[in-house]
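# Chain and residue survey
Given next are the chains, with one letter for each unit.
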Amino acid sequence: MAGHSKWNNIKNKKGKEDAKRGRIFTKLGRYIMVAAKEGGPDPEYNPALKMAIDKAKAENMPNDNIERAIKKATGEGSTANFEEVTYEGYGPSGTAVMVKVLTDNRNRTAPEMRVAFDRNGGNLGQTGCVSFMFDRKGVLGIEENEDIDGDDLMMLAIDLGAEDFQIEDGGFEIITSPEDYMTVRDGLEKEGYEFVISEITFLPQNYTTLETQEDIDLMEKLVDTLEDNDDVQEVYTNWKKVD
């Protein structure tokens, strides 16, 4: 589940995930379990759980799977003791990469991260080596349709506290601070807007392009390898794909 970049990348990402539905459901179930275990089973009082459920629903995860994950986390079934860890490193030509994982065994996950970087033109770095290049933001994506007036949506989002509003090819992108994310999201939802992306994520302060096809191929393979790892929840990069 690669991190946010631009609207087309979101659509491309979701297309890739359609082909890996079972693995995505496993990762989302883990995400829901951790959120429920840490903040309680009621999404109305647990913003992290609400966000996890939103993400699961956006991927068409069945309600039974969502409820089962919550029950496992709250004592009605066994669950491993997962912890969240963020790995940082560099892809080809120094591209910044952050990897968010939920793992029950760091001794397994850390070497897997190192191998993924080493085999695909990058290297795993120290904590903090690239995180300063990203800002933590709330991101809401709404698909464009004839019933949505972009100006009205922009004014509502800004009135609710959004920091930025962009019209992308095929949709509207709303950026918030992490603190205002739920206020903006809930306010838009009450007005009937539906989201194709709804998350707190890391956005690069600046994007970089890769100059050679070899580097592009290695970068794509690095991201795919990381995403295929069962422990990986999100991959964030400052790589800008050029169409």
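Residues numbered from 1 in each chain as written. Predicted model: local features only at pLDDT ≥ 70, side-chain atom pairs only at ≥ 80, totals over all residues. Heavy atoms only, no water.

### Digging into unusual backbone geometry
If you check the backbone angles, asparagine 60 has positive phi at about 60° while not being a glycine. Tracing the chain through its elements places asparagine 60 in the loop between helix H3 (47-58) and helix H4 (63-73). The phi angle at serine 93 is positive, at roughly 60°, despite the residue not being glycine. Considering the arrangement of structural elements, one finds serine 93 in the loop between strand S1 (83-90) and strand S2 (96-103). (Helix = DSSP H or I, 4+ residues; strand = E, 2+ residues; numbered from the N terminus.)

### Quick notes on the packing of H3 against helix H7 (residues 181-190)
For the pair H3 and H7, the least separation of the axes is 12 Å and the interaxial angle reads 50°. Considered as vectors, H3 and H7 are oriented oblique to each other. H3 and H7 meet at a crossing whose hand is left-handed. Note on element contacts: H7 touches H3 through Tyr181, Met182, Arg185, Asp186 and Glu189, opposite Pro47, Lys50, Met51 and Asp54. Broken down by class, the residue content of the contact of H3 with H7 amounts to four nonpolar, no polar and five charged. (Axes fitted to C-alpha atoms, helices over the stretch in contact; angles between N-to-C directions. Parallel < 35°, antiparallel > 145°, perpendicular 65-115°, else oblique. Left-handed = near helix turned anticlockwise from the far one by under 90°. Contact = heavy atoms within 4.5 Å. Nonpolar A, V, L, I, M, F, W, Y, C, P; charged D, E, K, R; others polar.)

### A short note on the nonpolar core
Counting residues in hydrophobic clusters, the biggest one holds 37 residues, and the most contacted among them are Ile32, Ile142, Leu153, Ile174 and Leu188. Of all the elements in the fold, those that place two or more residues in this core are helix H2 (21-39), H3, H4, strand S4 (134-143), helix H6 (150-160), strand S6 (171-176) and H7. Looking at this core element by element, the count peaks at nine residues for H2. Membership of the second largest hydrophobic core comes to 17 residues, among which are Val85, Ala116, Met219 and Val232. (Core = buried A, V, L, I, M, F, W, Y, C linked by side-chain atoms within 4.5 Å. Buried < 20%, exposed > 50% of the residue type's maximum accessible area, 1.4 Å probe, protein only.)

### A few points about the sheet that holds strand S8 (residues 232-237)
Read across the open sheet, the four strands follow the order S3-S1-S2-S8; overall the sheet is antiparallel. Both outer strands of the open sheet, strand S3 (123-124) and S8, are each paired with one neighbouring strand and no more. In the sheet, S1 pairs with S2 via eight bridges, with the strands oriented antiparallel. Counterpart to glycine 89 in the pairing with S2 is valine 97. (Pairing = 2+ DSSP bridges.)

### What about H3?
Think of an α-helix as turning once every 3.6 residues; residues three or four places apart then point the same way. Over its 12 residues, H3 extends 16 Å from the first C-alpha to the last, a length consistent with the 16 Å expected when each residue adds 1.5 Å. Buried within H3 we find Leu49, Lys50, Met51, Ala52, Ile53, Asp54, Lys55 and Ala56. Asparagine 60 sits one or two residues past H3 and shows a positive phi near 60°. (Expected span 1.5 Å × (residues − 1).)

### Some remarks on the layout of surface pockets
As a volume, the largest pocket reaches approximately 490 Å³. Taken together, 25 residues make up the lining of the largest pocket; nearest its centre are Tyr31, Met51, Glu84, Lys100 and Arg136. Counting residues per element, the lining of the largest pocket draws most heavily on H2, at five residues. Residue composition of the lining of the largest pocket, by class: 13 nonpolar, four polar and eight charged. Empty space within the second largest pocket amounts to approximately 370 Å³. Around the second largest pocket, the lining is made up of 16 residues, and of these Gly192, Tyr193, Glu194, Phe195 and Val196 lie nearest the centre. At the level of elements, H3, S4, H7 and strand S7 (197-204) are the ones that each hand at least two residues to the lining of the second largest pocket. With three residues, the single largest contributor to the lining of the second largest pocket is H3. (1 Å grid on protein atoms, 1.4 Å probe; cavity = no way out; pocket = protein on both sides within 12 Å on 5 of 7 lines; lining within 4 Å. Points joined across faces, edges and corners; volume = space filled by probe spheres on them.)

Take it as geometry only, folks, not as evidence of what the structure does.
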